[in-house]
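Letter by letter, the chains look like this.
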Amino acid sequence: MKRREFIAGTAALLVSPKRAWAQGPRRRLGFLALGDASGRAPNQAELALLDGLRDHGWIDGRNLTIDYRFAQPQDRAPALAAELIALHPDVLIAAGPQAVLALKSATATIPIVFVTVFDPVALGLVQSLSRPGGNITGLATYVPGEWVAKRIEILRELVPGASKIAILVNPGNPIHRLLLAEEIPSTARNLGVALPIVEATTAEELDIAFASAAAQRADAIIVFGDALTWVEGPRVIALAAKDHLPAIYLFRQVAEGGLIVYGPDIADLFRRAGGYVDKILKGTKPADLPVEQPTKFELMINLKTAKALGLTVPPSLLVRADEVIE
């Protein structure tokens, strides 16, 4: 009998930590992001979160329950945040700044992991990247440097001699306001390029913004990442084509058919978020988990769109591309 007990105990010790943890009580996550008016399912990048969780032994429907909420229009976010909190989740996932701000206003105790937030320090979400403090941590999309200048450099390779490049911003986005006040003016001076600003806070205003860029004879346009341009991606792509404006985008998820995407690999960020959730579910406090920044960036070029715009993509750009769409 003692021999059997010894064998059983030894076998238990040999079970992998992931498998042992997976057999514990089911835990609950709340997921808040933006969506269209009729609601939506997680997109391809957001689904990478499930892969990241699975890497740590957490499987939705087995030892994990995930409740999804998608806010559109954006002013529904606070109500949906309250719905999620009423479900008593162990961890909240926020996709984008509007989502995390809504959750931050609703709870100071439930751990929150954000993804696709440009500058969480500037937004007041965390005290610093290394020491977040409070109940919030996650993955930023910003790496300090010449953010606007890099996109101008790429556009100028594709549109030689471009001297006027419009920038599409949402004046209601606090990060856009920060870039407008600081980086954009200095970039314009340093590169000797005109950077007219066109603004949109609603889908209808996107039409006006692109018409304004065309009327000002912009050579190209930089589309800043934002909840509006994320949700209205197809409309933005169509407007750029209609006004014959070479455009560069931040996220590939909103740029199907767009000319160029240069930005962080969003799917990789969601996958890495699974590791944050795992640590928190096992007892680590968000305040002790430093905010991480992107380590993978994507350069995607659409040759079909370039041809439609009458552009020839130079070999110097093609060789650096992570993906070229024929």
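Structure: see above.
If you're wondering where the values come from, they're calculated on a predicted model, not measured in any experiment.

So, about the sheet that holds strand β7 (residues 197-199). Strand order in the open sheet formed by 7 strands is β7-β6-β8-β9-β10-β11-β12, and the pairing between neighbours is mixed. Each having just a single partner strand, β7 and β12 (323-325) make up the two edges of the open sheet. Each adjacent strand pair in this sheet contributes to an overall mean axis angle of 20 degrees, direction not counted. Pairing of strand β10 (residues 260-264) with strand β11 (residues 297-302) involves 5 bridges; the strand directions are antiparallel. Its bridge partner being in β11, V261 is matched across the sheet by M300.

A few words on empty space enclosed by the protein. The full count for this structure, using the stated rule, is 1 cavity of 30 Å³ or more. Space inside the largest cavity adds up to approximately 330 Å³. Lining of the largest cavity is provided by 26 residues; of these, P97, T116, D226, A227 and F251 occupy positions nearest its centre. Going through the elements one at a time, β1 (27-34), α5 (97-106), β4 (112-117), α7 (174-181) and α10 (227-231) are the ones with two or more residues in the lining of the largest cavity. For the lining of the largest cavity, the leading source of residues is α7, giving 3 residues. Along the lines of polarity and charge, the residues of the lining of the largest cavity split into 16 nonpolar, 7 polar and 3 charged.

With that out of the way, let us pick up the environment of T65. With respect to the helices and strands, the residue T65 is situated in strand β2 (residues 64-71). Sequence separation between T65 and G30 is 35 residues, and the spatial gap between their C-alpha atoms is 8.5 Å. Not counting chain neighbours up to four residues away, the residues in contact with T65 comprise R26, R27, R28, L29 and D60.

Here the focus is the pairing of strand β5 (residues 136-140). For β5, the tally of buried residues reaches 5 of 5 residues, placing the bulk of the element in the interior. As paired strands, β4 and β5 are joined by 5 bridges and run parallel to one another. Bridged to V113 within β5 is T137.

This part is about the packing of helix α6 (residues 147-158) against helix α8 (residues 183-191). The contact between α6 and α8 brings their axes to 9 Å, and the two run at 45 degrees. Regarding the angle of α6 to α8, the classification is oblique. The way α6 lies across α8 gives a crossing that is right-handed. Residues W147, V148, A149, I152 and R156 of α6 form the contact with α8, whose participating residues are E183, I184, T187 and L191. Each residue belonging to the contact of α6 with α8 can be placed in one class, and the counts come to 6 nonpolar, 1 polar and 2 charged.

The α-helix advances 3.6 residues per turn, and as a result positions three or four apart in sequence lie on the same side. The end-to-end C-alpha separation of α6 is 18 Å, in line with the 16 Å expected for 12 residues at 1.5 Å each. Most of α6 sits out of view: 9 of its 12 residues are buried. Looking only at α6, the buried set comprises W147, V148, A149, R151, I152, I154, L155, E157 and L158.

Quick look at the sheet that holds strand β3 (residues 91-95) now. One open sheet accounts for 5 strands, arranged β2-β1-β3-β4-β5; its pairing is parallel. Every interior strand has two partners, whereas the edge strands, β2 and β5, have only one. The sheet shows a mean angle of 20 degrees between the axes of neighbouring strands, direction not considered. Packed on one face of the sheet, helix α12 (residues 266-281) meets β1, β2, β3, β4 and β5 and runs near 170 degrees to β4.

Another point: the pairing of β2. Remember that side chains alternate between the two faces of the sheet whenever the strand is regular. Among the 8 residues in β2, 6 count as buried, and that is most of the element. Judged from the 8 bridges that link them, β1 and β2 form a sheet pairing that is parallel. Bridging across to β2, G30 finds its partner in D67.

Right, let's talk about the pattern of salt bridges for a bit. Per the stated rule, a full pass over the model turns up 13 salt bridges. A salt bridge links K296 to D268, with the shortest nitrogen-to-oxygen separation between them at 3.8 Å. Note that K296 is positioned in the loop between α12 and β11 and D268 in helix α12, a separation of 28 residues in sequence. By relative accessible area, D268 is classed as buried at 8%. Residues E292 and R272 are paired through a salt bridge, measuring 2.7 Å at the closest nitrogen-oxygen approach. Here the residue E292 occupies a position in the loop between α12 and β11, and R272 occupies one in helix α12, the gap between them amounting to 20 residues.

Moving on: the nonpolar core. Core analysis: the biggest nonpolar cluster contains 89 residues, and F31, L53, I165, I222, F224 and F270 have the highest contact counts within it. Element by element, the count of residues in this core is highest for α12, at 9 residues. In contact with F224, not counting residues within four places along its chain, are W147, V148, I167, L168, V169, H176, L179, I184 and T229. The next biggest cluster of nonpolar side chains, apart from the first, holds 21 residues, and it includes L228, I237, L245 and V261.

The rules behind each value
Throughout, residues of each chain are indexed from 1 in the direction in which the sequence is written. In view of the model being predicted, local features appear only for residues whose pLDDT reaches at least 70, and side-chain atom pairs are presented and counted only at 80 or more, with totals across whole chains, interfaces and linings using the full set of residues. For the side-chain quantities, the full set of heavy atoms in the structure was used; hydrogens and water were omitted. Should DSSP find at least two bridges between two strands, the strands are regarded as paired. Secondary structure elements follow DSSP: runs of H or I of four or more residues count as helices, runs of E of two or more count as strands, with numbering from the N terminus. Lines fitted to the C-alpha atoms define the axes, with helices restricted to the stretch that makes contact. Angles between their N-to-C directions range from 0 to 180 degrees. Residues are said to line a cavity or pocket when one of their atoms sits within 4 Å of a point; the points come from a 1 Å grid over protein atoms alone, cavities being sets where a 1.4 Å probe fits but cannot get out and pockets being open sets with protein on both sides within 12 Å along at least five of seven lines. Grid points are joined across faces, edges and corners, and a volume is the space filled by probe spheres set on the points. By the convention adopted, Pro, Cys, Tyr, Trp, Phe, Met, Ile, Leu, Val and Ala count as nonpolar, Lys, Arg, Asp and Glu as charged, and the other residues, Gly among them, as polar. The criterion used for residue contact is that any of the two residues' heavy atoms lie within 4.5 Å. In this scheme, a residue with accessible area under 20% of its type's maximum is buried, one over 50% is exposed, and one in between is partly exposed, where area comes from a 1.4 Å probe on protein chains only. Throughout, the term roughly parallel applies to angles under 35 degrees, roughly antiparallel to angles over 145, roughly perpendicular to angles from 65 to 115, and oblique to all others. Note on convention: the crossing is left-handed when the near helix lies turned anticlockwise from the far helix by less than a right angle, right-handed when the turn is clockwise. The span you would expect from a helix comes to 1.5 Å times its residue count less one. Any Lys or Arg side-chain nitrogen found within 4 Å of a carboxyl oxygen on Asp or Glu counts as a salt bridge. Take the buried Ala, Val, Leu, Ile, Met, Phe, Trp, Tyr and Cys residues and link them wherever side-chain atoms come within 4.5 Å; each set so joined is a nonpolar core.

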